[in-house]
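Descriptive analysis of the structure
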Amino acid sequence: MDQYVIRGGIPLHGEVEIGGAKNAALAILAAAVMADETITIENLPNVRDINVMLQAIENIGAKVDRVDLHTVKINGRPIHGCTVDNEYIRRIRASYYLLGALIGKYKCAEVALPGGCAIGSRPIDLHLKGFRALGADVRVLRGMVVAKADTLVGRHIYLDKVSVGATINIMMAASMAEGKTTIENAAKEPHVVDVANFLNCMGANIRGAGTDVIRIRGVQHFHAAVYSIIPDQIEAGTFLFAAAATGGDVTVRNVIPKHLEATIAKLLDAGCRVDEFDDAVRVSARGPLHSAHVTTLPYPGFPTDMQPQMTVVLGLADGTSTVTESIFENRFKYVDELAKMGATIKVEGNIAIIYGIDRYQGARVCAPDLRAGAALVIAGLAAEGITIVDDIYYIERGYEAFDEKFRSLGGEIERVSSAKEIQKFKLKIVS
């Protein structure tokens, strides 16, 4: 079992390049099968979830040509079936995007119910409601979502709750439905906009992405396209918070600063200096951190995927802070792990009350999910002594070359797979 071993207490300094957005890329890969011509996707993150999605697409017959680590060509013409099911695709949440893509193009789909991180209930009822509104017969049978339609017809669809996944899925299916579809109370996240832009690049007619009303006029077919995925705002925020926690000075490059507005606002609240450039953001944390109060909200609010990282920073801030989780009900599982490092945090329902301490202490901890795992790495980089993070499989689902990027900033972190390698790391840092 692979692990990260970290010696903390070293402020991070330097520049780091941010990769493509995983959450956008997964949906865009699914949408790419809707074209019978070659689609070239650039700035693709090389992470586990992406590789699983590419394998699933290839398994149903699509032609997949991995040009390099960050570029892929996909052609959906050879697809020979609409059933997507294997042990790997069941582990990722984004498997459901193949529903919208296959229903839109082939009017049929049979896709395994999604997995992903256990951070709370994430039902797909809104997705199914949208498909049914467009005219599909949708059932859940033996762990599979089975959908069929003679034809899809555009409708007015109101989402009872803001849902990124449902917005994207309905948007994909509706883009090849007859007539006009309107999605009200749509999610406004950057990756919703990115998927809409990608679909439009292939020939779709989608307007209003990034607002709460999206209008789609269906088309009969998609054509070849070349598209570059937006930078990953969550990866960028993770490195910015790592700079804050370690008292460092880090510039993240290849970002869209507007996508980071909520993250930047909380870094400023915590007492950091933030400088914004056209495609970069620099965070400097030279003085003591300040307490702050955070509530996760749909975009443009503070992202739930940055909540664990923010909690790690506030655990080192003067005074008492609060973090309120309004998106997922089970996202504080990492608090027990952070307590092993000396954090003083009390969880009451969906609110974490954080009493700041001077420094974390190195410990052996376990990553319970993707973003919490990244947060524990940040805590290890800020801690005194040695930290070992187990179950880094979760982290590698969404971060590319995570340890390498931290090493480029001066962090002492290694990916290891045995007790012997851990001992070797300890001997190296002592010498």
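Structural notes, computed from the coordinates. (Residues numbered from 1 in each chain as written. Predicted model: local features only at pLDDT ≥ 70, side-chain atom pairs only at ≥ 80, totals over all residues. Heavy atoms only, no water.)

Focus: the side chain of T167
Tracing the sequence through the fold places T167 in helix α5 (residues 164-174). Here S163 takes part through its backbone oxygen, which lies 2.7 Å from a polar atom of the side chain of T167. Beyond its immediate stretch of four places on either side in the chain, T167 contacts L159, I183, A186, A187, V192 and I214. (Helix = DSSP H or I, 4+ residues; strand = E, 2+ residues; numbered from the N terminus. Polar contact = N/O pair within 3.5 Å; in protein donor to acceptor, adjacent residues only side chain to side chain. Contact = heavy atoms within 4.5 Å.)

Some thoughts on the pattern of salt bridges
Opposite charge on two side chains permits them to pair, given that their charged atoms come into close proximity. All chains considered together, the criterion is met by 24 salt bridges. R415 serves as the salt-bridge partner of E396, at 2.5 Å between the closest nitrogen and oxygen. A residue pair is termed long-range when its members are at least 10 positions apart, and E396 in helix α12 (residues 393-396) and R415 in strand β24 (residues 412-416) qualify at 19 residues. With relative accessibility at 13%, the residue E396 sits in the buried group. Through salt bridges with shared partners, a single network forms among D2, R48, E396 and R415. (Salt bridge = Lys/Arg side-chain N within 4 Å of Asp/Glu carboxyl O. Buried < 20%, exposed > 50% of the residue type's maximum accessible area, 1.4 Å probe, protein only.)

Comments concerning the environment of K73
In this structure, K73 sits in strand β5 (residues 71-75). Take K73: its relative accessible area is 32%, and that puts it in the partly exposed class. Sequence separation between K73 and K63 is 10 residues; the distance between their C-alpha atoms is 7.9 Å. In contact with K73, other than residues within four places in its own chain, are T38, I39, T40, K63, V64, D65 and V67. Side-chain polar atoms of K73 contact the side chain of T40, separated by 3.1 Å.

What about helix α11 (residues 370-382)?
Under the 1.5 Å per step criterion, the end-to-end length of α11 is 19 Å for 13 residues, consistent within 8% with the ideal 18 Å. Most of α11 sits inside the fold, with 13 of its 13 residues counted as buried. Of the residues that open α11, the one with a side-chain oxygen 3.2 Å from the backbone nitrogen of R371 is D369. (Expected span 1.5 Å × (residues − 1).)

Purely geometric numbers; function is a separate question.
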